[in-house]
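Each chain, written out:
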Amino acid sequence: MKTVKVQNEALGKRSAAAVTTSPYRPWTPIVFLLTTVLIITTVLWAESPTAPKPASAPLDQFSAERAMSHIQQIAQEPHPSGSEENLKVRNYLVEQMELLGLNPEQHTFTSRVVTRRINAEMELTNLRGLIPGTENGKPLLLMTHYDSVPTAPGANDASVSVGALLETARVLQQGPAPRNDIWIVLTDGEEIGLAGAKGFFKEHEEEDFGLIANFEARGSRGASFMFQTSEGNRGLIEEYAKAASKPVGNSVLVDLYKKMPNDTDLTVALEYGHPGINFAFGEGWEAYHTPLDNIDQVSLHTLQHHGENVLSIARHFGNLDLSSLENQDNQIYFNLFGMLFHYPSSLAISILVFLFLMWLGLAVWLLRSKRAHWRGSCWGAAIPLFSGLMSTGVCYLVWLAVHKLWASSMTQFTGAVYDSILYSLVFVLLTAAIHIACTRWLQPKSSSLEMMLGGSVVVLILLAASTLWLTGASYLFAVPLAGLLLLMGLSARTQESGRSAAEGSLLVIFGSSLLPLLLFTSILHIVFLMLPPSIHLFSMIIIAPVLAMMAPAIRMLSFSWKWVIPVFTVSAVVLLGAAWSLAEPGPDRPVYTEYDHAQ
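The structure displayed is predicted, hence computed values, not measured ones. (Residues numbered from 1 in each chain as written. Predicted model: local features only at pLDDT ≥ 70, side-chain atom pairs only at ≥ 80, totals over all residues. Heavy atoms only, no water.)

1. Quick look at the environment of Ser-63
For step 1, the next point in the chain: As for its position among the elements, Ser-63 is in the loop between helix H3 (27-46) and helix H4 (64-74).
For step 2, the next point in the chain: For Ser-63, a relative accessible area of 0% gives the class buried.
For step 3, the next point in the chain: Sequence separation between Ser-63 and Thr-264 is 201 residues, and the spatial gap between their C-alpha atoms is 26 Å.
For step 4, the next point in the chain: Not counting the four nearest positions on each side in its chain, Ser-63 is found in contact with Lys-53, Pro-54, Ala-55, Ala-57, Glu-167 and Gln-304.
For step 5, the next point in the chain: A distance of 3.0 Å separates a polar side-chain atom of Ser-63 from the backbone oxygen of Lys-53. (Helix = DSSP H or I, 4+ residues; strand = E, 2+ residues; numbered from the N terminus. Buried < 20%, exposed > 50% of the residue type's maximum accessible area, 1.4 Å probe, protein only. Contact = heavy atoms within 4.5 Å. Polar contact = N/O pair within 3.5 Å; in protein donor to acceptor, adjacent residues only side chain to side chain.)

Laid out in structure tokens, this is it:
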């Protein structure tokens, strides 16, 4: 009798016995959940910053400790444009650039600055150093800004980048001269409307730069990731994949950033039509633009990773014919385990059509052969739609309550919330619990194969939408959907061949979950770090279709709903309790208001 139950469930046949009694061994859900945690942890570990190198490291290597010596001099006090501290920082930078043989030039100009605090003509000074190349190709420009906001020492934003550029310049001087000229540009006035960059590119309007690499910060720790490029980035991404030793970045961030109001100095460069690439780190957002952005908050691990990105760009693109980066289409790309996978965005439509035809052929075969039924497949499609809307609503209500009770007192004027990652995990746990509950509720109406078929419809719709309107995100749905369709065919063929149903079922359970976990862990991690809970809670709408890709595993967990759902719910409550217990502003966790920032 037990064998019949296993076969019926694995082969997609519905029966009352299969619904009421789990056909899986008791340890299967536990192993799956532990495997899921292992996969997520491994992905995050692979993207973590590199270990810092000491000041005694070989001179031809980037050393975070050596770069830190510059930051300790630059970020002692706030140094906004026009201040006495800004002048002190500039004098130090000019001195260091002279010692490095960069022959620094100071370009002073007057700019009209209009902010909440300023409405006046201001004198700003950009700094430019030069590492001469051996040929007359297009120059490579490495850029960051050296000014800070008035209330922050700017240790991370952007003294870390300044220190990284100086240490990179020192390293480059240890080896042979590059093929291209390398400009080291430190702008003034970035924090007051990109004034320094506007002045610089206006002054060098006729210069044909081969590539501009900008380095920024929106936090105090975490990986240094690439989040923006110029249009037509195919050659740039192909070469970046060769250059970076530990790339972190994906085309989702690039497409999302285009739709956001944020700007950096690279914005100005792109307006002048130059090829460009942008790097930043964003974990520890609560320190951004506050007095917390001090020397004590600098992570040597982050500094090392950020600096290695600078050095890899300088070494690779400094010796590349930069005219090869021009006039190309865009790339779709993502990092995984230290590698950057990429393919032309022009293939996105072809991939969509191919996967649609693959799905259509599979659906017709399954329905005609009676391995699946259209009614059950419709119920399978309803699960992610219903659970996505329901979980988003629940998470929104939870956040309203949490924000009113304690989180508002732990929110910076920038929108950053202390312990934001705890709330993110709460949202994910609640969404998973609701999705499992919906699956359990509709279990009698839809078999495992029908849930896969119905869920794949939702994923296919999201793939079509992303292909048309957010092309850089299409891989998130295309790659797992391809794997899901192959596993659906395998599951159906298992029925036909009469092979072990239990073995085939476990393969489908773990196989269908692998790709969604690998791909979505990275992007959701960055979204959770860079956006406040009040915004990223709406990403639960996307997590429901992700769980639909994992339909066999979710169905398996739904058989053990009596302990799985309570475990997820209790875990969410415990995390909320932990966040509540930490919700006490103090010297180590200060909260600054917009009024404080404006002073």
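The discussion continues.
2. Examining the pattern of salt bridges
For step 1, the next point in the chain: The tally for this structure, following the rule as stated, stands at 15 salt bridges.
For step 2, the next point in the chain: A salt bridge links Arg-66 to Glu-167; its shortest N-O distance comes to 3.1 Å. In this pair, Arg-66 is assigned in helix H4 and Glu-167 in helix H6 (residues 155-172), connecting sequence segments 101 residues apart.
For step 3, the next point in the chain: What makes Arg-66 buried here is its relative accessible area of 12%.
For step 4, the next point in the chain: In this structure Glu-167 comes out as buried when scored by relative accessible area, which is 2%.
For step 5, the next point in the chain: Through salt bridges that share partners, Arg-66, Glu-167 and Arg-170 make up one connected network. (Salt bridge = Lys/Arg side-chain N within 4 Å of Asp/Glu carboxyl O.)

3. A short note on the packing of aromatic side chains
For step 1, the next point in the chain: Within this structure, the stated rule accounts for 18 aromatic pairs.
For step 2, the next point in the chain: Arranged with centres 5.0 Å apart and planes meeting at 90 degrees, the rings of Trp-183 and Phe-209 form a pair that is edge-to-face. You can see Trp-183 sitting in strand S4 (residues 182-187) and its partner Phe-209 sitting in the loop between helix H7 (195-203) and strand S5 (211-215), a full 26 residues away along the chain.
For step 3, the next point in the chain: Judged by its relative accessible area of 1%, Phe-209 falls in the buried class.
For step 4, the next point in the chain: A ring pair is formed by Phe-201 and Phe-209, whose centres lie 6.2 Å apart and whose planes are at 85 degrees; its orientation type is edge-to-face.
For step 5, the next point in the chain: Assessed through its relative accessible area of 0%, Phe-201 is described here as buried.
For step 6, the next point in the chain: Through a chain of ring-to-ring contacts, three or more aromatic side chains come together here, namely Trp-183, Phe-200, Phe-201, Phe-209 and Tyr-272.
For step 7, the next point in the chain: One residue, Arg-128, lies across the ring of Trp-183, its end atom 4.3 Å from the ring centre. (Phe/Tyr/Trp six-rings, centres within 6.5 Å; stacked < 30°, edge-to-face > 60°. Lys NZ or Arg CZ within 6 Å of the ring centre and 35° of its normal.)

4. Examining the nonpolar core
For step 1, the next point in the chain: If you look at the biggest cluster of nonpolar residues, it comprises 101 residues, and the most contacted ones within it are Tyr-423, Leu-476 and Met-488.
For step 2, the next point in the chain: Met-488 has contacts with Leu-362, Leu-366, Leu-449, Met-452, Leu-453 and Ser-456, leaving out every residue within four places of it along the chain. (Core = buried A, V, L, I, M, F, W, Y, C linked by side-chain atoms within 4.5 Å.)

5. Some points on the pairing of strand S2 (residues 119-131)
A regular strand places its side chains on the two faces of the sheet in alternate fashion.
For step 1, the next point in the chain: Where strand S1 (residues 105-114) meets S2, 10 bridges bridge the pair, whose relative direction is antiparallel. When the bridges of S2 are listed, Phe-109 appears paired with Leu-124.
For step 2, the next point in the chain: Hairpin geometry of S1 and S2 is characterised by an intervening segment of 4 residues between the two adjacent antiparallel strands.
For step 3, the next point in the chain: In this sheet, S4 lies alongside S2 in antiparallel orientation, the contact comprising 5 bridges. Residue pairing for S4: Gly-129 is matched across the bridge by Ile-184. (Pairing = 2+ DSSP bridges.)

6. Observations regarding the confidence of the model for the protein chain
Detailed reading of the predicted coordinates is not advisable wherever pLDDT is low.
For step 1, the next point in the chain: Here the protein chain averages 91 in pLDDT, while 93% of its residues score no lower than 70.
For step 2, the next point in the chain: Predicted confidence for residues 1-19 stays below pLDDT 50, and this span has 39 contacts to residues more than four positions away or in other chains.
For step 3, the next point in the chain: Low pLDDT, under 50, characterises residues 497-504; the stretch is placed with 8 contacts to residues that sit more than four places away or in other chains. (pLDDT = per-residue confidence, 0-100.)

7. Describing H6
Spacing of three or four residues puts side chains on the same side of an α-helix, whose turn is 3.6 residues.
For step 1, the next point in the chain: Look at H6: 24 Å from first C-alpha to last across 18 residues, which is about the 26 Å you get at 1.5 Å a residue.
For step 2, the next point in the chain: The element H6 is largely enclosed, with a buried count of 18 among its 18 residues. (Expected span 1.5 Å × (residues − 1).)

8. So, a nonpolar patch on the surface
For step 1, the next point in the chain: There is a patch of nonpolar side chains on the surface, built from Ile-349, Val-353, Phe-356, Leu-357, Leu-360, Val-364, Leu-468 and Trp-469 and spanning about 780 Å² of accessible area.
For step 2, the next point in the chain: Elements with a contribution of two residues or more to the nonpolar patch: helix H12 (348-368) and helix H15 (448-469).
For step 3, the next point in the chain: Its location among the elements puts Ile-349 in helix H12. (Patch = residues over 30% accessible without salt bridge, like charges linked within 9 Å, V, L, I, M, F, W, Y side chains within 5 Å. Areas by Shrake-Rupley, 256 points an atom, 1.4 Å probe, with all protein chains shown as cover.)

9. As for the pairing of S4
For step 1, the next point in the chain: The element S4 is extensively covered by neighbouring structure, given that 6 of its 6 residues are classed as buried.
For step 2, the next point in the chain: Burial along S4 is two-sided: the face carrying Ile-182, Ile-184 and Leu-186 and the face carrying Trp-183, Val-185 and Thr-187 are both buried.
For step 3, the next point in the chain: For strand S3 (residues 140-145) and S4, the ladder comprises 6 bridges, and the chain directions are parallel. Directly across from Thr-144, in S4, lies its bridge partner Leu-186.

10. Observations concerning the state of the cysteines
For step 1, the next point in the chain: Enumeration over the complete set of coordinates arrives at 0 disulfides.
For step 2, the next point in the chain: Sulfur of Cys-395: no disulfide; nearest cysteine sulfur belongs to Cys-438 and is 13 Å away.
For step 3, the next point in the chain: Assessed through its relative accessible area of 5%, Cys-438 is described here as buried. (Disulfide = S-S within 2.5 Å.)

11. Points about the environment of His-274
For step 1, the next point in the chain: Locating His-274 in the fold gives a position in the loop between helix H10 (265-271) and strand S7 (276-280).
For step 2, the next point in the chain: The spacing of His-274 and Leu-514 is 240 residues in sequence and 39 Å in space, taken between C-alpha atoms.
For step 3, the next point in the chain: For His-274, the contacting residues outside a window of four places in its chain are Phe-201, Glu-207, Phe-209, Ile-212, Ser-230 and Ala-269.

12. Some words on the packing of H15 against helix H20 (residues 551-559)
For step 1, the next point in the chain: Between H15 and H20, the least distance of the axes is 9 Å, while the angle of their chain directions is 135 degrees. With respect to H20, the element H15 is oriented oblique. The handedness of the crossing between H15 and H20 comes out as right-handed. Residues Ser-448, Met-451 and Met-452 of H15 form the contact with H20, whose own contacting residues are Ala-551, Pro-552 and Arg-555.
For step 2, the next point in the chain: Taken together, the residues of the contact of H15 with H20 sort by class into 4 nonpolar, 1 polar and 1 charged. (Axes fitted to C-alpha atoms, helices over the stretch in contact; angles between N-to-C directions. Parallel < 35°, antiparallel > 145°, perpendicular 65-115°, else oblique. Left-handed = near helix turned anticlockwise from the far one by under 90°. Nonpolar A, V, L, I, M, F, W, Y, C, P; charged D, E, K, R; others polar.)

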